[in-house]
Amino acid sequence: MSDSWATFGADLHLDLGARGGGPGREGDSDGAGGRAAYGTRTALMDAVRDAIRTGRLTPGTRLPSSRSLAADLGLARNTVAGAYAELVAEGWLAAQQGSGTRVAHRAEPAPPRGPGLRPHTHPQLPGQARWKQRPAHDLRTGAPDVSAFPRSAWLTSARRALTTAPARAFAHGDHRGTTELRRALADYLARARGVRADPERIVICAGFSQGLALLARVLGGDVAVEEYGLSFHRDLLEAPGVRTHPLPLDGHGARTTCLEATGPDATDPDVSDGTVPAAAHLADVRAVLLTPGHQYPTGVPLHPDRRAAVVTWASRTGGLVLEDDYDGEFRYDRQPVGALQGLDPDRVVYLGTSSKALAPALRLAWMVLPDHLVDALLAAKTPAEWTTGALDQLTLADFLERGAYDRHVRAMRTRYRERRDRLVSTLAARAPGVRATGIAAGLHAVLELPPGAEEAAVLSAARRRGVALDALSGFRHPQAPPLPVPRPALVVGYGAPAEHAYPAALEALCGALADGGAGAG
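Rules behind the numbers
- Residues numbered from 1 in each chain as written.
- Predicted model: local features only at pLDDT ≥ 70, side-chain atom pairs only at ≥ 80, totals over all residues.
- Heavy atoms only, no water.
- Pairing = 2+ DSSP bridges.
- Helix = DSSP H or I, 4+ residues; strand = E, 2+ residues; numbered from the N terminus.
- Axes fitted to C-alpha atoms, helices over the stretch in contact; angles between N-to-C directions.
- Contact = heavy atoms within 4.5 Å.
- Buried < 20%, exposed > 50% of the residue type's maximum accessible area, 1.4 Å probe, protein only.
- Core = buried A, V, L, I, M, F, W, Y, C linked by side-chain atoms within 4.5 Å.
- Parallel < 35°, antiparallel > 145°, perpendicular 65-115°, else oblique.
- Left-handed = near helix turned anticlockwise from the far one by under 90°.
- pLDDT = per-residue confidence, 0-100.
- Phe/Tyr/Trp six-rings, centres within 6.5 Å; stacked < 30°, edge-to-face > 60°.
- 1 Å grid on protein atoms, 1.4 Å probe; cavity = no way out; pocket = protein on both sides within 12 Å on 5 of 7 lines; lining within 4 Å.
- Points joined across faces, edges and corners; volume = space filled by probe spheres on them.
- Salt bridge = Lys/Arg side-chain N within 4 Å of Asp/Glu carboxyl O.
- Nonpolar A, V, L, I, M, F, W, Y, C, P; charged D, E, K, R; others polar.
- Patch = residues over 30% accessible without salt bridge, like charges linked within 9 Å, V, L, I, M, F, W, Y side chains within 5 Å.
- Areas by Shrake-Rupley, 256 points an atom, 1.4 Å probe, with all protein chains shown as cover.
- Lys, Arg positive; Asp, Glu negative; His and termini not counted.
- Charge placed at Lys NZ, Arg CZ, Asp CG, Glu CD.

Things to note about the sheet that holds strand S13 (residues 348-353)
Turning to step 1, where the next piece is worked out: Within the open sheet, the seven strands sit side by side as S6-S14-S13-S12-S11-S7-S8. Their pairing is mixed. With one partner strand each, in any of the chains shown, strand S6 (202-205) and strand S8 (244-247) form the two edges of the open sheet. Pairs of neighbouring strands in the sheet enclose a mean axial angle of 20 degrees, with direction left out of account.
Turning to step 2, where the next piece is worked out: Where strand S7 (residues 222-226) meets strand S11 (residues 285-290), four bridges bridge the pair, whose relative direction is parallel. For Ala 224, the partnering residue across the bridge sits in S11 and is Val 288.
Turning to step 3, where the next piece is worked out: Here helix H5 (residues 179-193) sits on the sheet and contacts S6, S13 and strand S14 (365-368); the angle it forms with S6, its principal contact strand, is near 110 degrees.

Structure follows, in structure tokens:
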């Protein structure tokens, strides 16, 4: 019998050999046998202490019973029971009737640090200062209210999915994703977003980021991106050597007519004489990444003429439009804008995600690809990217098919609209000089600061009050030309706080605006 593994009940790896004691069953006798048992018990106790000190056994971890551990290690049960009792007395373990013996809740050890190792940090999003601890009020963008995740409804779908899943669901699956989810998404996206989707052209991925990274490997040319957007999206595109170029923005969204070699024409809502030349840096662009339904982060929808213009450009040049429909379900004051992909499925890649409607932790997103791109994208997947968890996919498929997704989205749409309205009314009363824009949809608003106010001052004041905010300037492409007139503004997310915490978050925001010189009208 091995002296390192407990194999009955819960497995427990303990190295007793290094302690000088060996396994034996002499624990109930005196003399040499008793001394051997004492040495074994000491070795066992030292091994458990070491496992706790190094963090291998964390607080609350349940240990095998003394009978199981004794059988596994070839020791007398009294030896193990005595070791457990002594470790309980020392405070290393805790024993309670009915719940077994567990590692006691002591101060957790620091993780081991080797030379040159840095502590892990999460990626920093645009405009965000690093927070060593979770802020008291998180009003940064990009997150829904995860406390509202529909646990009961999701559990119902998970049970149904697990009960009805075919045997093939537990094998290595289709690299595009499960058939069930791709069919359910095709129906839902056609009905709710106007997407022309064939299940054979849908690829499931582990989040939007993975989808964008895969696309970057197969684009074969430079990519235009909106001059305001997420820096880590640009990083994903640039990782395989793609160059990104800023596409100008205005009150009608991205200036897609700048992609044409002849420059904007008379159909551009802001250009009447067609004299503005196309930007030279866009001449080699082969794809463009857009958020046409609700530009991120400025919040404006892409003008219909510009929607038509970008599809015409893609058709004429053989280019691609990458449509990021990140919050397509959440529209408040206007009719939903249908997906751009519906205008030309052969030139537009549609990307959607469950992160805003459900939760980022699901890591479920999808791409609706032109037929000519499917094989190339699947070939670009590394073995580590071949599949996404099948059971979560089957659960989401059931969640969509029985209408639970629609019901949840409708409920959250009402909740987020109420939060948006409360933000606007609170600002009107407490900070009338601050103008909220981009509020017809989504989970965030742009707060344009009054003349003389500075982003840095407000962010500093917000930090002192425990409020995490984004600065609009942090989203700007580093190669975008300087603004003729500074545009100090904040991007405030109202999705993340739990319902009970939202009033306090608004109060802290108004205090930060006042402290930072932006509270007066």
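A closer look at helix H2 (residues 66-73)
Along an α-helix, residues three or four positions apart point the same way, because every turn accommodates 3.6 residues.
Turning to step 1, where the next piece is worked out: Of all eight residues in H2, six are buried, a share of seventy percent or more.
Turning to step 2, where the next piece is worked out: Buried within H2 we find Ser 66, Ser 68, Leu 69, Ala 70, Asp 72 and Leu 73.
Turning to step 3, where the next piece is worked out: One or two positions beyond H2, positive phi appears at Gly 74, with a value near 70 degrees.

Section: the nonpolar core
Buried together is how nonpolar side chains tend to be arranged in soluble globular proteins.
Turning to step 1, where the next piece is worked out: Residues Leu 396, Tyr 405, Leu 509 and Leu 513 are the most contacted members of the largest nonpolar core, which totals 57 residues.
Turning to step 2, where the next piece is worked out: Among residues more than four places away in sequence, those in contact with Leu 396 are Trp 154, Leu 181, Leu 358, Leu 364, Trp 366 and Tyr 405.
Turning to step 3, where the next piece is worked out: Counting 27 residues, the second-largest nonpolar core is a separate cluster that includes Tyr 228, Val 310, Trp 313 and Tyr 326.

Focus on the packing of helix H4 (residues 151-164) against helix H10 (residues 390-401)
Turning to step 1, where the next piece is worked out: Running from N to C, H4 and H10 cross one another at 115 degrees; their axes reach a closest spacing of 8 Å. Relative to H10, the element H4 is oriented roughly perpendicular. Crossing of H4 over H10 shows right-handed handedness. Note on element contacts: H10 touches H4 through Leu 391, Asp 392, Leu 394, Thr 395, Leu 396, Asp 398 and Phe 399, opposite Ala 153, Trp 154, Ser 157, Ala 158, Arg 160, Ala 161 and Leu 162.

A few points about the confidence of the model for the protein
Turning to step 1, where the next piece is worked out: With 84% of its residues at a pLDDT of at least 70, the protein reaches an overall mean of 85.
Turning to step 2, where the next piece is worked out: Counting interchain partners and residues more than four positions distant, the pLDDT-below-50 stretch residues 271-278 has 16 contacts.

Some points on the packing of aromatic side chains
Turning to step 1, where the next piece is worked out: Taken as a whole, this structure holds six aromatic pairs when the rule is applied.
Turning to step 2, where the next piece is worked out: Between the aromatic rings of Tyr 188 and Tyr 405, the centroid separation amounts to 5.1 Å while the plane-to-plane angle is 80 degrees, which identifies the pairing as edge-to-face. Of this pair, Tyr 188 sits in helix H5 while Tyr 405 sits in helix H11 (residues 404-430), and the two are 217 residues apart along the sequence. Each member of the pair, Tyr 188 together with Tyr 405, is buried.
Turning to step 3, where the next piece is worked out: Connected via pairs of aromatic rings, a cluster forms that spans Phe 149, Trp 154 and Phe 399.

Observations concerning the sheet that holds strand S18 (residues 470-471)
Turning to step 1, where the next piece is worked out: Across the sheet, which stays open at both edges, the four strands sit in the order S15-S16-S19-S18 with antiparallel pairing between neighbours. In this open sheet, the two strands that pair with only one neighbour each are strand S15 (435-437) and S18.

Regarding the layout of surface pockets
Turning to step 1, where the next piece is worked out: Roughly 250 Å³ of volume is contained in the second largest pocket.
Turning to step 2, where the next piece is worked out: Contributing to the lining of the second largest pocket are 15 residues, with Arg 168, Ala 171, Gly 173, Asp 174 and Thr 178 lying nearest its centre.
Turning to step 3, where the next piece is worked out: Every element with two or more residues in the lining of the second largest pocket is listed here: H5 and H10.
Turning to step 4, where the next piece is worked out: Among the elements that line the lining of the second largest pocket, the one with the most residues is H10, at three residues.

Focus: the pattern of salt bridges
Turning to step 1, where the next piece is worked out: Throughout the structure, instances matching the rule amount to 31 salt bridges.
Turning to step 2, where the next piece is worked out: The closest approach of N and O atoms between Asp 325 and Arg 193, which form a salt bridge, is 2.8 Å. Remark: Arg 193 occurs in helix H5 and Asp 325 occurs in the loop between strand S12 (320-324) and S13; sequence separation between them is 132 residues. Each member of the pair, Asp 325 as well as Arg 193, carries the same accessibility label: buried.
Turning to step 3, where the next piece is worked out: Look at the salt bridges and you will find they share partners, linking Asp 145, Arg 415, Arg 419 and Glu 499 into a network.

Overview of empty space enclosed by the protein
Turning to step 1, where the next piece is worked out: One pass over the structure, following the stated rule, counts four cavities of 30 Å³ or more.
Turning to step 2, where the next piece is worked out: Estimates place the volume of the largest cavity at around 80 Å³.
Turning to step 3, where the next piece is worked out: For the largest cavity, the lining is made up of 14 residues, of which Thr 141, Gly 142, Ala 143, Leu 443 and His 444 are closest to its centre.
Turning to step 4, where the next piece is worked out: Counted by class, the lining of the largest cavity contains six nonpolar, five polar and three charged residues.
Turning to step 5, where the next piece is worked out: When its volume is computed, the second largest cavity comes out at roughly 60 Å³.

Some points on the pairing of strand S4 (residues 100-103)
Turning to step 1, where the next piece is worked out: Strand direction decides the pairing type here: strand S3 (residues 93-96) and S4, joined by four bridges, are antiparallel. The residue of S4 that forms the bridge with Gln 96 is Gly 100.
Turning to step 2, where the next piece is worked out: With antiparallel pairing between neighbouring strands as the criterion, S3 and S4 make up a hairpin whose turn holds three residues, including Gly 98 at a positive phi of roughly 95 degrees.

Quick notes on a negative patch on the surface
Turning to step 1, where the next piece is worked out: Together, Asp 198, Asp 346, Asp 371 and Asp 375 make up a negatively charged patch on the protein surface.
Turning to step 2, where the next piece is worked out: Tracing the backbone through its elements, the reader meets Asp 371 in helix H9 (residues 371-380).
Turning to step 3, where the next piece is worked out: With relative accessibility at 57%, the residue Asp 371 sits in the exposed group.

Regarding the packing of H11 against helix H13 (residues 502-515)
Turning to step 1, where the next piece is worked out: In the contact formed by H11 and H13, the axes pass within 11 Å of each other and the chain directions differ by 35 degrees. The chirality of how H11 crosses H13 is right-handed. Contacts from Arg 419, Arg 422, Leu 423, Thr 426, Leu 427 and Arg 430 in H11 reach Tyr 502, Pro 503, Leu 506, Glu 507, Leu 509, Cys 510 and Leu 513 in H13.
Turning to step 2, where the next piece is worked out: Considering only residue class, the contact of H11 with H13 consists of eight nonpolar, one polar and four charged.

Structural notes on the side chain of Asp 398
Turning to step 1, where the next piece is worked out: Assignment of secondary structure puts Asp 398 in helix H10.
Turning to step 2, where the next piece is worked out: Given the relative accessible area of 9%, Asp 398 is considered buried.
Turning to step 3, where the next piece is worked out: The residues touching Asp 398, leaving out its near neighbours within four places in the chain, are Ser 157 and Arg 160.

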